[in-house]
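Structure assessment
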Amino acid sequence: MVPSSYDPVALTQALVRCPSVTPADAGALDVVQQVLEPLGFTCWRLPFSEPGLATVDNLFARRGSDGPHLCFAGHTDVVPPGDPAAWRFDPFSGELADGAVWGRGAADMKGSIAAFLAAVAQVNAADGPSSLSLLITGDEEADAINGTAKVLAWMADNGHLPDAALVGEPTNAAGLGEAIKIGRRGSLNAWITVTGRQGHTAYPAQADNAASRMAKGLAALLAQPLDTGTAHFDASNLEVATIDVGNPAANVIPAKATATVNIRFNDTHSGASLSRWLRETFEAAAGPAEIRFRISAESFLTPPGPLSDLVADAVAETSGRAPILSTSGGTSDARFIKDYCPVVEYGGVNATIHQVDEHALIEHLIGLRQTYAALLTRFARTWGAR
Ligand SMILES: [Zn+2]
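Notes on the structure follow.

1. A few points about the packing of helix α1 (residues 8–16) against helix α3 (residues 106–122)
- Contact geometry of α1 with α3 gives a least axis separation of 8 Å together with a crossing angle of 135°. When the axes of α1 and α3 are compared, the pair comes out oblique. In the packing of α1 onto α3, the handedness of the crossing is right-handed. Together, Pro8, Leu11, Thr12, Leu15 and Val16 of α1 and Ala106, Lys110, Gly111, Ile113, Ala114, Ala115, Leu117 and Ala118 of α3 make up the contact between the two elements.

2. Observations regarding the sheet that holds strand β6 (residues 96–97)
- Pairing is antiparallel across the open sheet formed by 3 strands, whose spatial order is β6-β7-β21. Only two strands of the sheet have a single partner each, and these edge strands are β6 and β21 (359–361).
- Here α3 sits on the sheet and contacts β7 (100–102) and β21; the angle it forms with β21, its principal contact strand, is near 45°.
- Across the sheet, helix α9 (residues 362–382) touches β7 and β21, and the angle it forms with β21 is around 65°.

3. Observations regarding the pairing of strand β3 (residues 53–56)
- Relative to β3, strand β2 (residues 48–50) runs antiparallel, the two sharing 2 bridges. Paired with Glu50 across the two strands is Leu53, which belongs to β3.
- In this structure, the hairpin formed by β2 and β3 is closed by a connection of 2 residues, where Gly52 is found at a positive phi of approximately 85°.

4. Digging into the nonpolar core
- Among the nonpolar cores identified, the biggest contains 78 residues, and Leu15, Val32, Leu117 and Val311 are the most heavily contacted of them.
- The dominant element in this core, judged by the number of residues it contributes, is α3, at 12 residues.
- Excluding anything up to four places from it in sequence, Val311 contacts Leu166, Ile180, Val344, Tyr346 and Leu375.
- Counting 18 residues, the second largest nonpolar core, distinct from the first, contains Leu188, Leu274, Ala286 and Ala289.

Rules behind the numbers
- Going along each chain's sequence as written, the residues are numbered from 1 onward.
- Only residues with pLDDT of 70 or above have their local features reported here, since the model is predicted, and side-chain atom pairs are shown and tallied only from 80 upward, although totals for entire chains, interfaces and linings are computed over all residues.
- Here an angle of 0 to 180 degrees is reported between the N-to-C directions of two axes, which are lines fitted to C-alpha atoms, with helices fitted over the stretch in contact.
- The helix count covers DSSP runs of H or I at least four residues long, the strand count covers runs of E at least two residues long, and both are numbered beginning at the N terminus.
- Throughout this description, any angle smaller than 35 degrees is read as roughly parallel, any larger than 145 degrees as roughly antiparallel, any in the 65 to 115 degree range as roughly perpendicular, and the remainder as oblique.
- Handedness of a crossing is defined here by the sense of rotation of the near helix relative to the far one, left-handed for an anticlockwise turn of less than a right angle and right-handed for a clockwise turn.
- In this description, a residue-residue contact is defined by the distance between C-beta atoms placed from the backbone, which must lie within 7 Å.
- In short, DSSP must find at least two bridges between two strands for them to pair.
- Buried Ala, Val, Leu, Ile, Met, Phe, Trp, Tyr and Cys residues form a nonpolar core when they are connected through C-beta atoms within 7 Å.
- Partly exposed residues are those whose C-beta has more than 12 but fewer than 20 other C-beta atoms within 10 Å; 20 or more makes a residue buried and 12 or fewer makes it exposed, with C-beta atoms placed from the backbone.

Function cannot be inferred from these measures alone, as they are strictly geometric.
This is how it looks when you write it as structure tokens:
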């Protein structure tokens, strides 16, 4: 049963009731598709797979073929709820209580999708963008391999690339109108292994202490700040996530030590430049080490301009607040979209995302629908005239 496409609350409930923990879809994309088709959208289901990974379903929907073309991007998959007994309500109940919809995904980001669908239904097609599309993936929270990146490649192959994109991730800490994201920091993981020679702590000359060398190497990495920030980014930051030696004896010099380091970096660096810096700095202090890197995202920025102005104006008009232009937080699928067109992010409130008792306030869902509706009409009025 698909609820009224005008009601962002009922739509959020319907989406939360699909237990779409990645890679499961559990009917979530059907809910979106059943709202969009009567509104004149053509829908394509785009399941993708890779050897060794589960197949993940995605949805691309488009109305109108002439530009300017605006694309809304989001994800229907959610992170696991953990122990359901720890929740006030069943995490997939979509319960309505205390002025909020409760459940996994209500805030990240089924509520934003519901608000956008309701905005699309509310604005006459003639008053909205000449062409409007939605890229809704089921693979954002986990590997992000069979999702947005592959849908974008399909869109490029089939003449569906947009002129601008909005990602509906929840960008606000406490209330609507706080922040638009215009970029994101990059993220680099390094797995470090130091191998020495085991021995007696009383006879260090006959051993090579892997734990001591690890400590020196990590201290060198932490000795200097990576930078002091840039015009639109905070300073880059390195965190030691874990150090493991597993030596139960106080009188044994360990032969092996491992550590994991995560760096969130701004546009001063690239994943490659930081990998080089990390290896050189670590080995200069600690000696040879085995280091494996994974760059899960490069940093990116859509410089303040027409798109951020347009979104900021719609946010200000409907929330009464002037949002800041932020690049904080983790990464998002905007990192894939930025290769094709300008992209900014604006959505609901992220105070309870990935937590027990995740919920979205009804007043925020309704306010967000108003902002998205204002954005649709502003895009139609101003983008073609640029
Ligand atoms: Zn999300």
